[in-house]
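Chain residues, written in single-letter form:
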Amino acid sequence: MAVDPQKELTKLHGALGVSQAVIKSTFFEWRQTALELLGPSSNALDVVLKFWEVAGVDVAKNFFPMLNLRKGQEGLILDLARALAGTGIANGAVVRVEKGEGPLEALIRWERCPWPTFAKRYGASMKEDLLGCDKFLQTIVAEANAFLGTDLKIETQKAIPSGDGVCLRRLYK
Amino acid sequence: MGKLLFEWDYSSYPGYKKYPHLFKPIKIGKLTIPNRIKYAATEDNLNAGDGFVTDAGVGYLRERAKGVVGGLCVMQGVYMDEKRQGQGYVGQAAAWNDKFIPGLKRLADAIHEQKAIAGCQLMHCGRVGGIETEYCQGPSPVSQRLRIFRPVEVMSKADIKQCLKEHVEATERLLKAGFDYVEISGIVGYLLSNFVSSYTNRRTDEYGGDIRGRMRFVVECIQEVKKVCGDVPLGIRLCADELLDDVGGNTPEESMITYEMAEEAGADVMSVTAGWQESIYPVISRDIPMGSWLHLAERAKQHLKIPVSMAYRLFTPDLPNKAIGEGKLDIWEMCRPMIADPLMPKMVLEGTEDEIRPCVACNVCLARLFRDAPMTCYINPVCAHEWDPKYEIKPAEMDKNIMIVGAGPAGLECAWVAAERGHEVHVYDTREELGGSLIEASKAPYGDDELYGQITFAKTKAAKAGVNFHLGTEVTPELIEDEMPDTVVLATGPTYVKGTAPGFDRANVVPMLDVLNGKAEVGENVVVWGNLKPGIGLALFLAKQGKKVTVVGKERKLGKDINPSFKWRYVGYLRDNSVPTYNDSEIEEITDDGVTIRTYDGYRIPIKADTVVCTVREANPGLKDVVQENGIELFVIGDALVPRNLSSAVHDGYRIGIRA
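Residues numbered from 1 in each chain as written. Chains lettered and ligands numbered in written order. Predicted model: local features only at pLDDT ≥ 70, side-chain atom pairs only at ≥ 80, totals over all residues. Heavy atoms only, no water.

1. Some points on the overall build of chain A
Argument step 1. Within chain A, the regular secondary structure consists of 5 helices and 4 strands.
Argument step 2. Order of helices (α) and strands (β) in chain A, N terminus to C terminus: α-α-α-β-β-α-α-β-β.
Argument step 3. Principal axes of the C-alpha set define a box for chain A whose edges measure 60 × 45 × 30 Å.
Argument step 4. Burial analysis of chain A (173 residues in total) assigns 44% to the buried set.
Argument step 5. Long-range pairs, those at least 24 residues apart, make up 58% of the contacts in chain A with a sequence separation of at least 6.
Argument step 6. Accessible area of chain A: about 9,600 Å², with a carbon and sulfur share of 57%. (Helix = DSSP H or I, 4+ residues; strand = E, 2+ residues; numbered from the N terminus. Buried < 20%, exposed > 50% of the residue type's maximum accessible area, 1.4 Å probe, protein only. Contact = heavy atoms within 4.5 Å. Areas by Shrake-Rupley, 256 points an atom, 1.4 Å probe, with all protein chains shown as cover.)

2. With respect to the overall build of chain B
Argument step 1. Within chain B one finds 22 helices and 28 strands.
Argument step 2. On C-alpha atoms alone, chain B measures out to a radius of gyration of 27 Å, which is about the 26 Å that the 2.2 N^0.38 rule sets for 660 residues.
Argument step 3. Dimensions along the principal axes, computed over C-alpha positions, put chain B at roughly 75 × 60 × 45 Å.
Argument step 4. Per-residue burial for chain B yields a buried fraction of 62% across its 660 residues.
Argument step 5. For chain B, long-range pairs separated by at least 24 residues make up 72% of all intrachain contacts whose partners lie at least 6 apart in sequence.
Argument step 6. Charge-centre separation for chain B: the mean point of 77 positive side chains lies 4 Å from the mean point of 92 negative side chains. (Rg over C-alpha atoms; globule rule 2.2 N^0.38 Å. Lys, Arg positive; Asp, Glu negative; His and termini not counted. Charge placed at Lys NZ, Arg CZ, Asp CG, Glu CD.)

3. Regarding the environment of B:Asp399
All names here are of chain B.
Argument step 1. Position of Asp 399 among the secondary structure elements: in the loop between helix H13 (364-370) and strand S14 (401-405).
Argument step 2. In this structure Asp 399 comes out as exposed when scored by relative accessible area, which is 57%.
Argument step 3. With 87 residues separating them along the chain, Asp 399 and Asp 486 place their C-alpha atoms 9.3 Å apart.
Argument step 4. Those residues within four positions of Asp 399 in sequence are excluded, and the remaining contacts are Gly 422, His 423 and Asp 486.

4. Observations regarding the sheet that holds strand S21 (residues 548-552) of chain B
Residue and element names in this part refer to chain B.
Argument step 1. On the basis of which strands lie adjacent, the open sheet formed by 5 strands has the order S19-S26-S20-S21-S22 and parallel pairing. Either end of the sheet is taken by a strand with one partner, and the two such strands are strand S19 (509-511) and strand S22 (581-582).
Argument step 2. The pairing of strand S20 (residues 525-529) with strand S26 (residues 611-614) spans 4 bridges and is classified as parallel. Across the sheet, residue Val 527 finds its bridge partner in S26, namely Val 612. (Pairing = 2+ DSSP bridges.)

5. Considerations on the domain arrangement of chain B
Residues and elements named next belong to chain B.
Argument step 1. Split by domain assignment, chain B resolves into domain 1 (3-370), domain 2 (393-494 + 619-659) and domain 3 (496-618).
Argument step 2. Computed over C-alpha atoms only, the centres of domain 1 and domain 2 are separated by 39 Å.
Argument step 3. Summing both partners gives a buried area of about 1,100 Å² for domain 1 against domain 2, and 49% of it is carried by carbon and sulfur.
Argument step 4. If you sort the residues of domain 1 by the area they bury against domain 2, Arg 286, Glu 355 and Arg 357 come out on top, with a joint share of 54%.
Argument step 5. Taken together, domain 1 and domain 2 are joined by 6 salt bridges.
Argument step 6. Across the pair Asp 354 and Lys 464 runs a salt bridge whose closest N-O atoms are separated by 3.6 Å. (Domains from an automatic or database assignment. Buried area = accessible area lost by both parts, 1.4 Å probe. Salt bridge = Lys/Arg side-chain N within 4 Å of Asp/Glu carboxyl O.)

6. Comments concerning the nonpolar core
Argument step 1. Formed by 155 residues in total, the largest nonpolar core has its most connected members in B:Met75, B:Leu104, B:Phe179 and B:Ile236.
Argument step 2. Counting residues per element, this core draws most heavily on helix H14 (residues 409-420) of chain B, at 8 residues.
Argument step 3. Leave out the neighbours within four places in its chain, and B:Met75 touches B:Ala41, B:Leu61, B:Ala93, B:Leu104, B:Leu107, B:Gly119, B:Cys120, B:Gln121, B:Leu174 and B:Phe179.
Argument step 4. Of all hydrophobic cores here, the second largest spans 41 residues; its members include A:Ala83, A:Ile140, A:Leu148 and A:Ile154. (Core = buried A, V, L, I, M, F, W, Y, C linked by side-chain atoms within 4.5 Å.)

7. Considerations on the pairing of strand S2 (residues 105-112) of chain A
All names here are of chain A.
Argument step 1. Counting buried positions along S2 yields 6 of 8 residues, so the element is predominantly enclosed.
Argument step 2. Note that strand S1 (residues 94-99) and S2 share 6 bridges and pair antiparallel. Note that in S2 the partner of Val 97 across the bridge is Ile 108.
Argument step 3. Linkage of S1 to S2, two consecutive antiparallel strands, is achieved through a turn of 5 residues.

8. Regarding a positive patch on the surface
Argument step 1. A grouping of A:Lys7, A:Lys11, B:Lys548 and B:Lys608 is seen on the molecular surface, where their side chains present a positively charged patch.
Argument step 2. Its location among the elements puts A:Lys7 in helix H1 (residues 5-38). (Patch = residues over 30% accessible without salt bridge, like charges linked within 9 Å, V, L, I, M, F, W, Y side chains within 5 Å.)

9. Notes on the packing of helix H4 (residues 157-176) of chain B against helix H7 (residues 216-229) of chain B
Residue and element names in this part refer to chain B.
Argument step 1. It is at 9 Å that the axes of H4 and H7 come closest, and there the two elements cross at 30°. Judged by the inter-axis angle, H4 sits roughly parallel to H7. Every pair of crossing elements has a handedness; the one defined by H4 and H7 is right-handed. Contacts from Ile 160, Cys 163, Leu 164, His 167, Val 168, Thr 171, Glu 172 and Leu 175 of H4 reach H7 at Phe 217, Glu 220, Cys 221, Glu 224, Val 225, Val 228 and Cys 229. (Axes fitted to C-alpha atoms, helices over the stretch in contact; angles between N-to-C directions. Parallel < 35°, antiparallel > 145°, perpendicular 65-115°, else oblique. Left-handed = near helix turned anticlockwise from the far one by under 90°.)

10. Some remarks on the side chain of B:His167
Residues and elements named next belong to chain B.
Argument step 1. As for its position among the elements, His 167 is in helix H4.
Argument step 2. Given a relative accessible area of 1%, His 167 falls into the buried group.
Argument step 3. If we ignore the near neighbours within four places in the chain, the residues touching His 167 are Met 80, Leu 122, His 124, Leu 192, Cys 221 and Val 225.

Structural data, given as structure tokens:
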């Protein structure tokens with residue numbers, strides 16, 4: 001029986017899109033659950049930052065097998081930058097990694113990201129969305145540092161939730 | 001004969017002879033209406049946010065009152081509670097306090113100034129209400145199908161009593177304001193219909209149960225309001241078919257029981273409607289043929305002694321005239337045809353039907369209301385600006401010689417308006433026929449042929465205003481320099497562009513207009529490049545011919561240039577015709593076998609295609625430089641300025657027509 005590649009790929013791509021959407025919806029549903037259980041004195045930002053810290057620690061473990069000090073600091077930074085970009089791509093973002101001005105820095109550019117749209121749909125603030133993402137990425141970098149004994153840093157230079165049109169993050173030593 | 005408020009004699013008008021049944025009097029309760037025409041209550045979001053009537057609202061209604069030539073003109077439904085639970089639209093008029101009476105009187109007076117019957121409507125929006133609250137009211141806690149509506153808070157018996165009291169008090173205020181006719185709205189998902197429907201009323205008390213129980217609230221409402229109406233007739237709007245069979249709504253037979261019970265309770269006239277906002281079936285969009293719902297009025301007539309009125313795709317006078325003559329209908333209602341042309345029935349009476357601006361049943365008027373925006377009309381640029389002198393067609397201060405390049409909808413609109421103002425207008429087009437690319441657009445299926453009515457209208461207006469046409473004539477820089485007009489209006493339409501990917505220069509890549517005109521050969525497997533309205537219309541045109549069509553486009557969402565109240569129809573038809581759509585995608589390459597597309601997130605998908613049709617448009621600055629170099633006043637309008645849609649073309653044309 002002949003394979004119809006258009007049909008097969010379209011079906012897979014559609015399913016991927018749905019799964020990506022479900023992941024984000026689930027996050028916000030859990031956020032709402034936590035806030036309701038914690039009661040009126042709870043702070044959404046605290047809940048969200050804790051979530052992304054937990055997620056960051058867990059996701060970082062997936063990256064450890066691919067991080068290799070023998071590639072040198074420059075190679076390590078690019079590999080980690082690509083891994084960080086991958087966390088966005090897996091969720092439906094369009095993310096590109098570029099070399100920075102110096103050899104020990106990489107720029108990670110989110111040209112498009114669905115998270116702010118979902119945050120709006122579920123009534124979460126843009127500040128919360130931005131700080132949550134920052135926490136996630138910072139945690140991964142901190143875990144990588146703890147694993148490899150490095151001293152890498154990540155900073156946010158531009159952010160879609162702040163109205164900059166792109167998220168631009170600098171990973172550097 | 002009942003009470004007659006204004007004397008009208010139609011016998012000398014051409015429309016009286018052509019449509020005799022439309023201009024016969026009819027009695028509603030104790031009131032005689034001189035004709036069979038009703039402007040049906042329509043929300044317009046033109047009132048202040050706190051429910052007070054505005055100049056814009058008065059201006060809007062005055063124009064419609066003029067249009068009904070002595071018939072019934074009904075203001076929009078009012079909400080009646082201070083908590084605003086019944087409010088369904090941000091600009092809905094209120095009647096919950098005496099402080100609203102002066103504004104309401106302005107509306108009644110505006111209608112009376114035109115010697116028309118002033119109608120008002122009570123409208124608690126129920127399940128689709130609570131626009132300014134966190135909840136809405138309803139008989140039972142049934143989840144909303146559409147996300148935009150509020151969660152339902154169940155009405156207690158005390159709430160029901162309070163609601164009835166508010167209906168009565170609002171009626172008293174409306175009568176003090178001078179209205180001659182009162183109507184209760186129980187349709188499309190508003191509160192009364194929520195009680196009536198087995199879908200939304202799951203109560204087990206006396207206000208629920210079988211159809212008689214579910215009608216109890218409506219019956220009490222009619223009886224209570226009737227008590228204060230005195231000799232003023234009372235009408236009601238109820239669904240003849242809810243079109244909610246997919247969620248367990250009423251059967252058509254149950255709906256007829258509601259009609260009989262409403263009549264028994266004291267209703268003097270029945271306005272027949274179909275469908276809810278939550279219905280999954282289309283009711284009033286242009287893909288539904290005109291006259292499709294007349295069988296519901298006919299059925300209502302078989303069950304009632306009181307007069308029956310109906311709107312719902314009765315856009316031309318021949319349909320209601322015939323139906324009234326055959327005893328299937330008593331009164332011709334209109335909303336959208338009179339949004340598009342407020343004087344429509346007046347023109348029918350006066351025998352100038354060919355000058356009526358026809359509604360294209362696009363529902364942008366509804367889409368605006370649901371998005372908290374003031375009423376507007378796709379093809380009537382003056383709609384909701386009737387009060388504003390800036391929108392009037394006034395004689396020009398200085399006569400000009402105006403050259404309009406392009407006889408599409410933008411150019412034609414500009415032409416007739418400018419000519420009516422006294423300018424000498426010359427319209428040029430390389431085609432031999434008026435209409436521009438709307439000629440091709442009207443060939444798309446599912447009612448798009450109705451779009452061409454805009455050209456017929458503008459053609460007539462232009463001819464009567466003395467516009468000079470130069471068809472089959474290309475405007476060159478030399479022609480402009482020879483003619484040296486005072487003003488040039490570029491309405492040339494867009495340019496159609498190919499993509500830049502490898503393969504776009506192949507012979508099997510053809511322009512959209514050639515396909516619609518039958519000039520290009522199209523294979524069995526077709527990729528339509530462009531996911532806006534032109535691409536969608538073309539895809540459906542080809543799919544109806546049995547082609548296997550795929551739509552690919554760069555826009556993130558399909559048909560973002562189509563208003564949401566109509567887009568769902570196109571989406572449905574694409575699905576029905578098995579047309580896959582790839583939005584947010586680029587064509588990466590066109591080869592012998594077909595097309596490779598690249599999705600926004602980098603995935604590549606091969607699509608089998610014999611032919612690629614380009615529908616992507618760009619602005620067309622064309623002759624702009626030569627006009628400006630010669631110091632001639634220049635306007636660029638319609639798709640030549642920015643490719644958009646028919647509405648933008650017409651609105652651009654009108655605005656420049658009144659300004660040039």
